[in-house]
Structures are given as structure tokens and as C-alpha cells.
Amino acid sequence: IVRFKNLDFVQFQKYIHKHWKKNHIFSKEKKIFNFQYKDGRLYNFFLALIKKRLIGMQGFIDYKIYDKNLKHNQIFLAFWSVIDNSNIGIGLKLHKEIINFSKPLFIGVVEVSNATHKAHKWLGFKVKKMHHHALFSKQILNFKIAKVDKKKLNFKKLKRKTSFIRLDKKNIFQFVEDSFYNIQIPTKSSEFLIKRYLKHPVYDYRIYGTLYREKIIAIFVIRPVFLDNSCVLRLVDFIGDNNNFDSIENLGNVLLDEFKAEYLDIYSYGIPKKIFKKTNFVDCQNKLNFIVPNRFEPFLKKNFDIYCAYKTNLKKNN
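Residues numbered from 1 in each chain as written. Predicted model: local features only at pLDDT ≥ 70, side-chain atom pairs only at ≥ 80, totals over all residues. Heavy atoms only, no water.

Caption draft 1: Seen up close, the overall build of the protein chain. Along the protein chain, the regular secondary structure elements total eight helices and 17 strands. Whereas a compact globule of 318 residues would reach a radius of gyration of roughly 20 Å, the protein chain reaches 20 Å, a difference of no more than 12%. With the C-alpha coordinates aligned to their principal axes, the bounding extent of the protein chain is approximately 65 × 40 × 35 Å. Out of the 318 residues in the protein chain, the part that is buried amounts to 53%. Residue pairs in contact within the protein chain that sit at least 24 positions apart in sequence constitute 68% of those at least 6 positions apart. For the protein chain, the exposed surface amounts to about 17,400 Å²; the carbon and sulfur share of it is 50%. Looking at charge distribution, the protein chain has the averaged site of its 60 positive side-chain charges lying 6 Å from that of its 27 negative ones. (Helix = DSSP H or I, 4+ residues; strand = E, 2+ residues; numbered from the N terminus. Rg over C-alpha atoms; globule rule 2.2 N^0.38 Å. Buried < 20%, exposed > 50% of the residue type's maximum accessible area, 1.4 Å probe, protein only. Contact = heavy atoms within 4.5 Å. Areas by Shrake-Rupley, 256 points an atom, 1.4 Å probe, with all protein chains shown as cover. Lys, Arg positive; Asp, Glu negative; His and termini not counted. Charge placed at Lys NZ, Arg CZ, Asp CG, Glu CD.)

This is the structure:
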């Protein structure tokens, strides 16, 4: 088991294409991979080799890459893979190597494959199905990315209309106090949001804060995705008290109109479904036969169930 070096990259790309997913973005280009995993001269990836042949891997995204002053070691695992017919203990060795190396107090995984649910549970993870909700445009009549029956959409009046502000590299420190981020785990920071999202080398992220009495009550990170002449908005991060999640709806409607987007969607775990019921977000898993795609690189017009897993030594429930 060895730590990933730059020299291993061609072999790594071949492995990703053959054993993980054909035409995955990491098998084609390096920019995003470097952004997420490069730590100095090495990468946050461990490789299993037999006579220099790559037979397995697991990576991790270390939150401290984006803000070294974060209080806790927090990581998200990725790409846990061992080729067929390998020793059953190789995957476990890779996992233990990462845990011993990073000593995290929080470990998360998004998109846990069905094949590894039992393994994650055996390792002490809680494995949960993520909720998928979408806020649909009132203006667009014909959806091209999603498949939606507009007759089944019952838009109710907003219960509370909040104002919002777009946050950038300068004003985020002015509007958001450090203590605001203590409300959730994994813990983030303004520095984290700037480096993780605003300085992303490829994707265009926008960060907004919703306001109550001129004070930030929630932060939302949104990424527009364009496909041919259509657009959707992905809500990729939310920071704040769950009870303030509904403050997004006015912002969401404004952005849907601005981008002429079909919908704004979010996969989440930890926000109770009753919070979504206060809004016009639609539960995409409620058997309405809607299709709200999640795969855009390459695009697949189908629904996806996503499972997450986590374990933590931080004594919080949020």
C-alpha cells in the first residue's frame, strides 16, 4: 500500500476507465483531480500494488486542504475499489491506511455503492438513503432536461419571503461570523467556502446568504449546469439551522428566472422531510413518475438513488 504520487497518474487513469467507470472525468483530465486531492507533492489517495501493478485504491478529500485552521480533522472517502479476484483484505488495508494517516473525527462518504453497504456498516458507518427534492420553475412550460407533469405541481404561497445577498471573497467575512459555522458537522468556514467553491478551477459556483433583520440565517451554494440550450441549478451545499432551510425559496425562484432554469434540486441527508413540506420543493422519490437527472458528465436522463455513509466522534446530532 503506497501513497499516490504524480508518476502514477497514467496508470491511475487506466484503472478508473477500466474498473470504476468508463469515460469518468478523472480518466480524461487532471485539473479537478488535482484540485480535490493534491496535497503538496503527493495526493490524498492510497494505492494497492502487486509488482507495480495497480489492483486497488481509495482516496479521501481532506477538509483542511481548503482551510488548515478548521478545528477538526474531517474527511470524505472516495473511489474505494479493488479489482475482482483480489485478496478480500486489500480493501480493508487501504481503508485502515487512510484512517491511520488522517486520524479523522468525522468521516463521510457520498454515493456508497450497493456492493459496499454491508462493508461500511461492518466498519461502523451509518448508511442512509439521501432525499432528493426539486423546486421547479413556474415560467418554463416544456421541460427538456427533466420529465415533469406540470399538472401535478401545486404551487403554494410562500410562508415567509426573505431577502438575500450574493457572497464573494470579500464580503463573506463581513457578513458571516465564524461562530455561524458551529451549527453543523462536518464543520466548514468562510475560508473553506472560498477555496472549495469560489476558487474552483472548472465549475462556476455561486454563494448566497439569506437574511433576517439584515443578519445571515442560512448559506446556500448553487452551481448552474447547462445542457444544449437548457439549464438546471444544483444546490450543492447548505449551512445553517434546518429550520431556516425554507428561506431559500424566494432566492430559488429569482435564480430560476434569472438562469431560465428548469429546476433547482438538492440531494440531502439530515434535513427532515417536514422542512421541505413547508416549501414548494417536490419530493422526487414520491412516485409521481418525474425524472430529475443527476448525471450530466455524461448526461443520463434517469433518476438516481444516492446513499451516503458517515461516522463521527464529534458528539453532535446535526
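Caption draft 2: A look at empty space enclosed by the protein. One pass over the full model with this rule turns up one cavity of 30 Å³ or more. Empty space within the largest cavity amounts to approximately 40 Å³. Forming the walls of the largest cavity are Leu158, Lys159, Arg160, Asp246, Glu249 and Lys278. A class-by-class count of the residues in the lining of the largest cavity yields one nonpolar, no polar and five charged. (1 Å grid on protein atoms, 1.4 Å probe; cavity = no way out; pocket = protein on both sides within 12 Å on 5 of 7 lines; lining within 4 Å. Points joined across faces, edges and corners; volume = space filled by probe spheres on them. Nonpolar A, V, L, I, M, F, W, Y, C, P; charged D, E, K, R; others polar.)

Caption draft 3: Up close: the pattern of salt bridges. The final tally for this structure, using the stated rule, is seven salt bridges. Residue Arg295 is joined to Glu111 by a salt bridge in which the shortest nitrogen-to-oxygen separation is 3.1 Å. Pair noted here: Arg295 is in strand E15 (residues 295–296) and Glu111 is in the loop between strand E6 (106–110) and helix H4 (117–122), with a separation of 184 residues, a long-range link. For Glu111, a relative accessible area of 43% translates into the label partly exposed. (Salt bridge = Lys/Arg side-chain N within 4 Å of Asp/Glu carboxyl O.)

Caption draft 4: Examining the environment of Glu111 more closely. Taking the C-alpha atoms as reference points, Glu111 and Met130, separated by 19 residues in sequence, lie 9.2 Å from one another. With residues up to four places along the chain from it excluded, the contact list for Glu111 reads Asn294, Arg295, Ile306 and Tyr307.

Caption draft 5: Summary view of the environment of Val254. Locating Val254 in the fold gives a position in helix H7 (residues 248–259). Relative accessible area serves as the criterion here: at 36%, Val254 is assigned to the partly exposed category. It is 11 Å that separates the C-alpha atoms of Val254 and Ser163, two residues lying 91 residues apart in sequence.

Caption draft 6: Region of interest: the side chain of Asp67. Turning to its location among the elements, Asp67 is positioned in the loop between strand E4 (53–62) and strand E5 (74–82). No salt bridge is formed by the buried Asp67, whose closest oppositely charged neighbour, Lys68, lies at an N-O distance of 6.3 Å.

Caption draft 7: Geometry of the sheet that holds strand E11 (residues 215–227). Ordered in space as E9-E10-E11-E12-E13-E8-E14, the seven strands form an open sheet in which the pairing is mixed. The sheet terminates laterally at strand E9 (163–167) and strand E14 (282–283), the two strands that pair on one side only. In this sheet, E14 lies alongside strand E8 (residues 131–136) in antiparallel orientation, the contact comprising two bridges. Bridging from a neighbouring strand, Ala134 pairs with Val282 of E14. Strands in contact with helix H6 (residues 190–198) are E9, strand E10 (206–212), E11 and strand E12 (230–240); relative to E12, the strand with the most contacts, it is inclined by about 160 degrees. Along the sheet face, H7 touches E8, E9, E10, E11, E12 and strand E13 (263–268) and points at about 140 degrees away from the line of E10. (Pairing = 2+ DSSP bridges. Axes fitted to C-alpha atoms, helices over the stretch in contact; angles between N-to-C directions.)

Caption draft 8: Highlighting a positive patch on the surface. Together, Lys118, Lys121, Lys126 and Lys128 line one region of the surface with positive charge. Contributions of two or more residues to the positive patch are made by H4 and strand E7 (126–129). With a relative accessible area of 73%, Lys118 lands in the exposed category. (Patch = residues over 30% accessible without salt bridge, like charges linked within 9 Å, V, L, I, M, F, W, Y side chains within 5 Å.)

Caption draft 9: Molecular detail of the side chain of Ser102. Locating Ser102 in the fold gives a position in helix H3 (residues 89–102). With a relative accessible area of 9%, Ser102 lands in the buried category. Sequence-distant contacts of Ser102, that is, excluding residues within four places in its chain, are made with Phe60, Asn73 and Ile75.

Caption draft 10: Inspection of H6 at higher detail. Of the residues making up H6, those classed as buried are Ser190, Phe192, Leu193, Ile194, Arg196 and Tyr197. Tucked inside the fold, the buried residues of H6 contact helix H2 (31–37), helix H5 (171–175), E10, E11 and E12.

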